[in-house]
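If you want the building blocks of each chain, they are given just below.
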Amino acid sequence: MIRVSAKRHTLTPAKESDLAAKISDIANRVGVTMTTVSKVLNNKPSGLRISAKTRERIFRTARELNYRPSYAARALARGKTNSLGLICGDIHTPFYAELTSHALHLADRKGYHLIVSVTEWDFAKEVECLDMLLDGRVDGVLMVAGGLQPGTPQHQYVVETGFPIVLVDMAIEGISSVSTDWLSGMDGAVAHLKGRGHRKVWMVAYPLPLPLVDPKTIAFCESCERHRMEWHIVNGGSDLRAVRQMGRALAEEADRPTAVIAYSDYAATGLISGIRDGGLEVPRDIAVVGIDGTEAGAYYHPALTTIGAGIERLAGEAVDLLFKLVSSDRGASPRSLSLASSLTIRSSA
C-alpha cells in the first residue's frame with residue numbers, strides 16, 4: 001500500500017528521539033506559560049497581549065526543539081481529525097491520477113489532509129486500509145474501489161454507525177455514492193459514429209469477474225440497439241500490452257469494424273498503438289472512442305474523442321458530499337448522485 005498526504009511539512013526532519021518536545025519544553029525555555037505557547041503555535045485568538053518579539057521567540061524555539069504538534073491530541077480535543085481518506089485501486093492511469101489530484105486540491109482548500117491508499121484492486125488490501133481509516137484516523141473516506149461489499153464486517157459497521165463514506169464511480173447498497181450515468185454519453189457516441197457513416201462498432205471491454213457487469217458495457221449495448229448498429233464486444237485485457245495486442249489483431253481481422261469504443265482513454269491509447277502496428281491508421285481506417293473524459297486525452301495523437309462526465313466535476317461532487325456527511329448527523333440516510341456523461345469530439349473519431 002502507498003500512502004500520500006496532501007499537506008507538506010516544512011520543518012527540518014528530526015531524529016526519533018527529538019520528537020518528544022512538548023509545549024511545556026518551549027514554555028520553560030522562553031519563560032512563558034504553556035497557554036501562551038499554545039495560543040501562538042495554534043494561531044488562536046486570545047485576550048492575552050503577546051508581543052511580536054515573544055511570538056518570534058516561541059516560533060524559533062519550536063523550530064530549534066523540532067517540535068511537532070500532536071494531531072491525535074488535537075483530534076481528541078476537537079472531536080475530529082481534519083483528515084480524510086481516499087482508497088483507490090490505481091493512480092498510474094490518467095483517470096485515477098486526475099481524480100486523485102482534484103480530490104487532494106479540494107481537501108487542501110478546506111484545510112484537510114487527504115491520506116491516499118493505493119491498493120492495486122486487491123479487495124483484501126482495500127478492507128485493510130478501510131479498517132485503519134475507520135479506527136479514528138480520519139473524519140470520512142472516499143472509496144474508488146469495490147471492497148466495501150455487503151456481508152463484510154466493514155460494510156455492516158458503516159451502515160450501522162453512519163460513518164461518512166462516499167463511493168466514487170460505483171454504487172454499493174447502503175453507502176452514499178457519486179457515479180456516472182454512461183448511457184447519455186454512450187448514446188451520443190454511437191449516434192455520432194452512425195452519422196459519420198459507420199455501420200459496425202465493437203467495444204473493447206474490461207474483463208470483470210462474473211457476475212459483475214461493467215455499466216459502460218451495458219450502456220454500449222443499449223445504445224447500439226437503440227440506433228440499430230451492428231455491434232460486438234471483445235475482451236481487451238487489463239493492461240496496455242494486452243490492449244495493444246487486441247488492436248493489432250483487430251487491424252488484421254478480415255471482417256473488422258470501422259469504429260471501436262475502448263473501456264477507458266488509457267486503453268484507447270494502447271488500442272491505437274496496436275492498430276498502427278497492424279498497418280492501419282486512426283481515424284482513416286478505424287475510428288476510436290475512449291471513455292472517462294481525461295484531460296490527458298486531449299494531448300494524445302490523434303486527440304481522443306471520449307465519453308465522460310468531467311473528472312473535476314466528479315471529484316468535486318464526491319468531496320462536497322463527503323463534507324456534508326461529515327457535518328451531518330451519523331443517522332442520516334445514504335445519498336446517491338448520478339452525473340450525466342457526454343461526448344467530447346476530437347480527432348480520433
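The structure displayed is predicted, hence computed values, not measured ones.

### Some words on the environment of Asp255
Part 1: Structurally, Asp255 is set in the loop between α10 (240-252) and β9 (259-262).
Part 2: C-alpha separation for the pair Asp255 and Lys200, spaced 55 residues apart in sequence, amounts to 9.8 Å.
Part 3: Those residues within four positions of Asp255 in sequence are excluded, and the remaining contacts are Lys200 and Trp202.
Part 4: Of note is the side chain of Asp255, whose polar atom sits 2.6 Å from the side chain of Lys200.

### Points about the packing of aromatic side chains
Part 1: All told, the structure shown has five aromatic pairs when counted by the stated rule.
Part 2: Residues Tyr206 and Tyr263 carry aromatic rings whose centres are separated by 5.1 Å and whose planes lie at 80 degrees to one another, so their mutual orientation is edge-to-face. Remark: Tyr263 occurs in the loop between β9 and α11 (265-277) and Tyr206 occurs in the loop between β7 (200-205) and α9 (215-226); sequence separation between them is 57 residues.
Part 3: Relative to Trp231, the ring of Phe220 has its centre 6.1 Å away and its plane inclined at 90 degrees; by these criteria the two rings are edge-to-face. Taken together, the residues span a long stretch of sequence, with Phe220 in helix α9 and Trp231 in strand β8 (residues 230-235) at a distance of eleven residues.

### Concerning unusual backbone geometry
Part 1: The omega torsion across Val282 and Pro283 is 5 degrees, close enough to zero to call that bond cis.
Part 2: Within the secondary structure, Pro283 sits in the loop between α11 and β10 (287-291).
Part 3: Residue Pro302 is bonded to the preceding His301 through a cis peptide linkage, with omega at 0 degrees.
Part 4: Even without glycine at this site, Asp169 takes up a positive phi of about 60 degrees.
Part 5: Looking at the element boundaries, Asp169 is found in the loop between β5 (165-168) and β6 (176-181).
Part 6: Accessibility expressed as a relative area gives 24% for Asp169, which makes it partly exposed.
Part 7: The phi dihedral of Arg228 falls on the positive side, at around 55 degrees, and the residue is not glycine.
Part 8: Along the chain, the position of Arg228 falls in the loop between α9 and β8.

Each value, and the rule that gives it
- Residues take numbers from 1 onward in each chain, read along the sequence in its written order.
- The predicted nature of this model means local features are confined to residues of pLDDT at least 70 and side-chain atom pairs, given and counted, to a pLDDT of 80 or more, with totals for whole chains, interfaces and linings taken over all residues.
- As a rule here, side-chain values come from all non-hydrogen atoms in the structure, and water together with hydrogens is ignored.
- Strands here mean DSSP runs of E at least two residues long; helices mean DSSP runs of H or I at least four residues long; both are numbered from the N terminus.
- In what follows, a contact means two residues having at least one pair of non-hydrogen atoms within 4.5 Å.
- In the analysis that follows, any N or O atom pair within 3.5 Å is treated as a polar contact, provided that within protein one partner can donate a hydrogen and the other can accept it, and provided that, for residues neighboring in sequence, both atoms belong to side chains.
- Between 30 and 60 degrees the pair is tilted, below 30 it is stacked and above 60 it is edge-to-face, where a pair is any two Phe, Tyr or Trp rings, Trp via its six-membered ring, whose centres lie within 6.5 Å.
- Think of it in three bands: residues with accessible area under 20% of the maximum for their type are buried, residues over 50% are exposed, and the middle band is partly exposed, with areas taken using a 1.4 Å probe on protein chains only.

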